[in-house]
Amino acid sequence: LNLVVFPGQQLPLNIFEPRYIQHINECASGEKKFGIPAMIFDRMTDHGTEMNLVEVVKRYDSGRMEIVVEGGKIFKIVEELNEVPDKLYKAAIVFEAPHLPYDTLILNPTLLDLLQQLSRLMYVKFDFLEEHKNVMSFDIAPYIALEPEDQYRMLSSKSEIGRQMFLIEHTKKLIELLKIQRN
């Protein structure tokens, strides 16, 4: 399993294990949120994303649920708690990791130009460029074929400028690969 969820990213989930059914039921009643730690090659990392329950799409008699969640704040795990009284699920002590674009509030024009080039080469319209008034790195990352390690690098980075510079280099490589494939 490889999974990294970015702030603002929506994700459909199928909840079927009793421990997760218990936790999601608590979230649905407004008692709490939950976190998804980044998983790279079946290993849990020390960063993850707080999840907001957007919708319980369907509940089954067995307790199983289909839900939609959205990434919120990024966290760093301080300590794992393998046992929580009266709960089937595990928990962790976490602190919020800085991730908001404190160092810039605009998308680097070079990155925007590269994304438009990539869009033309792929014959795909990147709707996120129009959907968001202020597109940032986390809005772009799910669309540009990042390897799991690179997704984690993005998630754990504290700098929006740094994330955008990384995306510039990555997008340049993608464009070159597409040009080579076309020739």
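Each remark here, short or long, concerns the structure printed above.
What comes next concerns the included structure. (Residues numbered from 1 in each chain as written. Predicted model: local features only at pLDDT ≥ 70, side-chain atom pairs only at ≥ 80, totals over all residues. Heavy atoms only, no water.)

### Concerning the layout of surface pockets
Each pocket or cavity is described by its volume, and for the largest pocket that value is around 1,100 Å³. Surrounding the largest pocket, 32 residues form its lining, Y20, F34, G35, I36 and P37 being those nearest its centre. Breaking the lining of the largest pocket down by element, the ones donating at least two residues are β1 (10-15), α1 (18-28), β2 (34-40), β3 (43-59), β4 (65-81) and β5 (91-96). In the lining of the largest pocket, the residues fall into 20 nonpolar, three polar and nine charged. (1 Å grid on protein atoms, 1.4 Å probe; cavity = no way out; pocket = protein on both sides within 12 Å on 5 of 7 lines; lining within 4 Å. Points joined across faces, edges and corners; volume = space filled by probe spheres on them. Helix = DSSP H or I, 4+ residues; strand = E, 2+ residues; numbered from the N terminus. Nonpolar A, V, L, I, M, F, W, Y, C, P; charged D, E, K, R; others polar.)

### Quick look at the packing of helix α2 (residues 109-122) against helix α6 (residues 160-182)
At a minimum axis separation of 9 Å, α2 and α6 run at an interaxial angle of 25°. Here α2 lies roughly parallel to α6, going by the angle between them. Both α2 and α6 take part in a crossing whose hand is left-handed. Two secondary-structure elements touch here, α2 through T110, L111, L114, L115, Q117, L118, L121 and M122 and α6 through Q164, L167, I168, T171, K172, L174, I175, L178, K179 and R182. A class-by-class count of the residues in the contact of α2 with α6 yields 11 nonpolar, four polar and three charged. (Axes fitted to C-alpha atoms, helices over the stretch in contact; angles between N-to-C directions. Parallel < 35°, antiparallel > 145°, perpendicular 65-115°, else oblique. Left-handed = near helix turned anticlockwise from the far one by under 90°. Contact = heavy atoms within 4.5 Å.)

### Remarks on the pattern of salt bridges
Opposite charge on two side chains permits pairing when their charged atoms draw close. Considering all chains together, one arrives at eight salt bridges under this definition. Of the charged contacts in the structure, one is a salt bridge between E66 and R64, with a shortest N-O distance of 3.4 Å. Measuring nitrogen to oxygen at the nearest pair gives 3.8 Å for the salt bridge that ties K73 to E96. With a gap of 23 residues between them, K73 in strand β4 and E96 in strand β5 connect regions that are remote in the sequence. Residue classification places K73 among the partly exposed residues on the basis of a relative accessible area of 41%. (Salt bridge = Lys/Arg side-chain N within 4 Å of Asp/Glu carboxyl O. Buried < 20%, exposed > 50% of the residue type's maximum accessible area, 1.4 Å probe, protein only.)

### Some details on the nonpolar core
Counting residues in each nonpolar core, the largest one holds 28 residues, and the members touching the most others are I140, I144 and L167. Within the residue set of this core, elements represented by two or more residues are β2, α2, α4 (137-140), α5 (148-156) and α6. No other element matches the six residues that α6 contributes to this core. The residues touching L167, leaving out its near neighbours within four places in the chain, are L111, S137, I140, I144, L146 and M154. One finds L11, I21, I67 and V69 within the second-largest nonpolar core, a separate group that totals 12 residues. (Core = buried A, V, L, I, M, F, W, Y, C linked by side-chain atoms within 4.5 Å.)

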